[in-house]
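Close look at the chain arrangement
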Amino acid sequence: EAAALVDRAVDLFAAEVGLDAVEVRQRNLIARDEFPWTSATGLVYDSGDYRRALDLALATVGYDDLRDEQARRRAQPEATAFLGIGVSVFIDRTAGVRGSEYGSVALRPDGSALVRTGSSPYGQGHHTAWAMLVADRTGIPLERIEVVHGDTDVVPRGGITGGSRSAQKAGSAIVEASDALVDEARRIAASLLEAADADVVLDIAGGRFHVVGAPGATTVTWSDVAASLGADGPGLQCESDFAGEGPTFPFGVYVVVVEVDAGTGAVTLRRVVTVDDAGTVLNPMLALGQVHGGLAQGLAQGLFEEFAYDDEGNPRTSSFADYMIPSAADLPSFECLLTETPSPNNPMGFKGIAESGTIGGPPAVQNAVVDALAHLGVRHLDLPITPERVWRAISAAAAS
């Protein structure tokens, strides 16, 4: 709602001064070399490259060509479908809740790894993501890494999955625990190799320790390290509680192209192009999955979902038979891109992404529909932009 307010205000200002709404945004975006940036409310934006994201989104959607097409349509008095282009340039604040998150990595007797995380996922793919982090830092194959969550018998503490904080806090805890495990294992491997600790390195690609400059000589595997500890020994486990240096500020640029039926007010989503920046991208498929889910919800808020009441205050949307939720058939294929501007507030440069689609989606589609009707004199439409609201706005414009 806050993003919708800001984006609508920018578009209204642009209309008042006779500028393209994109040009107004281009003139006012914080430049990459101005970060960290302290906002008027005291928040410190960690990093960003807003102009790059805007340029990429506009180039992908073909913004200038769309404006030309829009002008051609408006020059045809008999046109029955109006074209609109809406833009949203937004930031989010993620991992803003104080507190730390727990993570640990243990070496099992067979050389595999057990990861314990205090963050409890419900579909975001944390098991895959945390296993990737451990594999990338230890060389232990993914299939030999088990991730456990939500079991209070084995996970001593943990917070929540919320606020788009998981990769930043839980993921960073796993990274710190993995690095500590490698350091401890290197010490053991050095003893087995009869070398100084500082002279032993880990070949991550092969998952083997060896003396510096002699990768083809004697090596020590993770299984060798585990065997040296003994089956009944204390084992090797490292843990971390990561809090971070403060919140991070992911950002995005969403462009929505719509066609509005002049006779019925029906809105058709023609294209949806998004550019999201969540800092370092851990897993592109998981990140884009977050965008797709949030974007479907954001577009639903923009066009479909509404609690309606009659004049007596009785709810008219009392079931899913009359409360509109879009299906896959009501949404186009999303064209989603990612850029990476790492955050300095955690070791991997992660930012959140889970809620981005719900932030940029509503104002982008709202601006697009208003833009489609701007030549008729329509200045604003409230959310959700239902066919009835659009039809009434077109009729009122015609009558005036």
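Anything mentioned here points back to the structure above.
Residues numbered from 1 in each chain as written. Predicted model: local features only at pLDDT ≥ 70, side-chain atom pairs only at ≥ 80, totals over all residues. Heavy atoms only, no water.

Quick word on the overall build of the protein
Note the threshold: Strands here are runs of E lasting at least two residues and helices are runs of H or I lasting at least four, both read from the DSSP assignment and numbered beginning at the N terminus. Burial here depends on accessible area, computed with a 1.4 Å probe over protein chains only, as a share of the maximum for the residue type. Under 20% is buried, over 50% is exposed, and the range in between is partly exposed. Residues are treated as being in contact if the distance between any of their heavy atoms lies within 4.5 Å. Using the Shrake-Rupley algorithm and a 1.4 Å probe, accessible areas are obtained, with residue cover drawn only from the displayed protein chains. As used throughout, the charge tally considers Lys and Arg to be positive and Asp and Glu to be negative, leaving His and the chain termini uncounted. Charge positions come from single atoms, namely NZ of Lys, CZ of Arg, CG of Asp or CD of Glu.
When you go through the protein residue by residue, the secondary structure sums to 10 helices and 13 strands. Dimensions of the protein along its principal axes, counting C-alpha atoms only, are 90 × 50 × 40 Å. Buried residues in the protein amount to 48% of all 400 residues. Residue pairs at least 24 apart in sequence account for 72% of intrachain contacts in the protein once pairs closer than 6 positions are excluded. In the structure as shown, the protein presents an accessible area of about 18700 Å², 52% of it carried by carbon and sulfur atoms. Positive and negative side-chain charges in the protein, numbering 29 and 54 respectively, have mean positions lying 3 Å apart.

Observations regarding the pairing of strand β5 (residues 113-117)
Here is the key point about a regular strand: its side chains alternate between the two faces of the sheet. Short version of the rule: Between any two strands, at least two bridges found by DSSP are needed for them to pair.
Most of β5 sits out of view: five of its five residues are buried. The alternating pattern of β5 places Ala-113, Val-115 and Thr-117 and Leu-114 and Arg-116 on opposite faces, both of which are buried. Relative to β5, strand β4 (residues 101-107) runs antiparallel, the two sharing five bridges. Paired with Ser-104 across the two strands is Arg-116, which belongs to β5.

Brief notes about the nonpolar core
The nonpolar side chains of a soluble globular protein tend to be buried with one another. Keep this limit in mind: Take the buried Ala, Val, Leu, Ile, Met, Phe, Trp, Tyr and Cys residues and link them wherever side-chain atoms come within 4.5 Å; each set so joined is a nonpolar core.
Residues Val-256, Val-258, Val-260, Leu-299, Leu-381 and Val-390 are the most contacted members of the largest nonpolar core, which totals 37 residues. Of all the secondary structure elements, the ones that give two or more residues to this core are β3 (81-91), β11 (251-261), β12 (267-277), α8 (284-303), β13 (334-339), α9 (356-373) and α10 (387-399). For this core, the leading source of residues is α9, giving eight residues. If near-sequence neighbours (up to four positions away) are discounted, Val-390 is found in contact with Val-260, Gly-265, Val-267, Val-369, Leu-373, Leu-381 and Ile-385.

Some points on the packing of helix α2 (residues 21-28) against helix α3 (residues 50-61)
Cut-off, in case you're wondering: Structural elements are reduced to axes, namely lines fitted to C-alpha atoms, with helices fitted over the stretch in contact, and the angle between N-to-C directions of any two is expressed from 0 to 180 degrees. Any angle between 65 and 115 degrees counts as roughly perpendicular, while under 35 counts as roughly parallel, over 145 as roughly antiparallel, and the rest as oblique. The hand of a helix crossing depends on one turn: near helix anticlockwise from the far one by less than a right angle means left-handed, and clockwise means right-handed. In the scheme used here, Gly and all other residues not listed as nonpolar or charged are polar, with Ala, Val, Leu, Ile, Met, Phe, Trp, Tyr, Cys and Pro taken as nonpolar and Asp, Glu, Lys and Arg as charged.
Viewed as axis vectors pointing N to C, α2 and α3 meet at an angle of 155°, and their least axial separation amounts to 10 Å. On the basis of the axis angle, α2 is roughly antiparallel to α3. At the point where α2 passes α3, the crossing takes the left-handed sense. Residue-level inspection shows Val-22, Arg-25 and Gln-26 of α2 in contact with α3, the latter providing Arg-51, Leu-54, Asp-55 and Leu-58. Residues belonging to the contact of α2 with α3 are distributed by class as follows: three nonpolar, one polar and three charged.

Regarding the sheet that holds strand β7 (residues 200-203)
Strand pairs in the sheet, formed through backbone hydrogen bonds, run parallel or antiparallel to each other. Spatially, three strands are ordered β7-β8-β9 in an open sheet, and the strand pairing comes out antiparallel. Looking along the sheet, the strands with just one partner apiece sit at the ends: β7 and β9 (220-221). Bridge analysis of strand β8 (residues 208-211) against β9 gives two bridges, and the strand direction is antiparallel. Considered in β9, the bridge of Arg-208 is made with Thr-221.

As for the side chain of Gln-124
As a reminder of what qualifies: In protein, a polar contact means a hydrogen-donor-capable atom and an acceptor-capable atom, both N or O and within 3.5 Å, with residues adjacent in sequence counting only if both atoms are side-chain atoms; elsewhere, any N or O pair within 3.5 Å suffices.
Note that Gln-124 resides in the loop between β5 and α5 (126-138). For Gln-124, a relative accessible area of 15% corresponds to the buried category. From its side chain, Gln-124 meets the backbone nitrogen of Tyr-122 in a polar contact 2.7 Å long. Excluding anything up to four places from it in sequence, Gln-124 contacts Thr-161, Leu-286 and Gln-290.

Re the pattern of salt bridges
So the rule is basically this: In what follows, salt bridge is the name for a side-chain nitrogen of Lys or Arg lying within 4 Å of a carboxyl oxygen of Asp or Glu.
Inspection of the entire model under this criterion finds 22 salt bridges. With its nearest N and O atoms 3.0 Å apart, the salt bridge here joins Arg-379 to Glu-16. Linking Arg-379 in the loop between α9 and α10 with Glu-16 in helix α1 (residues 2-17), this pair joins segments that are 363 residues apart in sequence. The exposure class assigned to Arg-379 is partly exposed, which follows from its relative accessible area of 47%. The exposure class assigned to Glu-16 is exposed, which follows from its relative accessible area of 55%. Taking the shortest distance from any N to any O, the salt bridge between Glu-259 and Arg-73 comes out at 2.7 Å. Taken as a pair, Glu-259 in strand β11 and Arg-73 in helix α4 (residues 63-74) lie far apart in primary sequence, 186 residues in all.

Some thoughts on α10
What counts is decided by this rule: What a helix is expected to span follows from its residue count: subtract one and scale by 1.5 Å.
Counted at 1.5 Å a residue, the expected span for α10 with its 13 residues is 18 Å, and the 18 Å between its end C-alpha atoms agrees. The inward-facing, buried residues of α10 contact β3, β11, β12 and α9.

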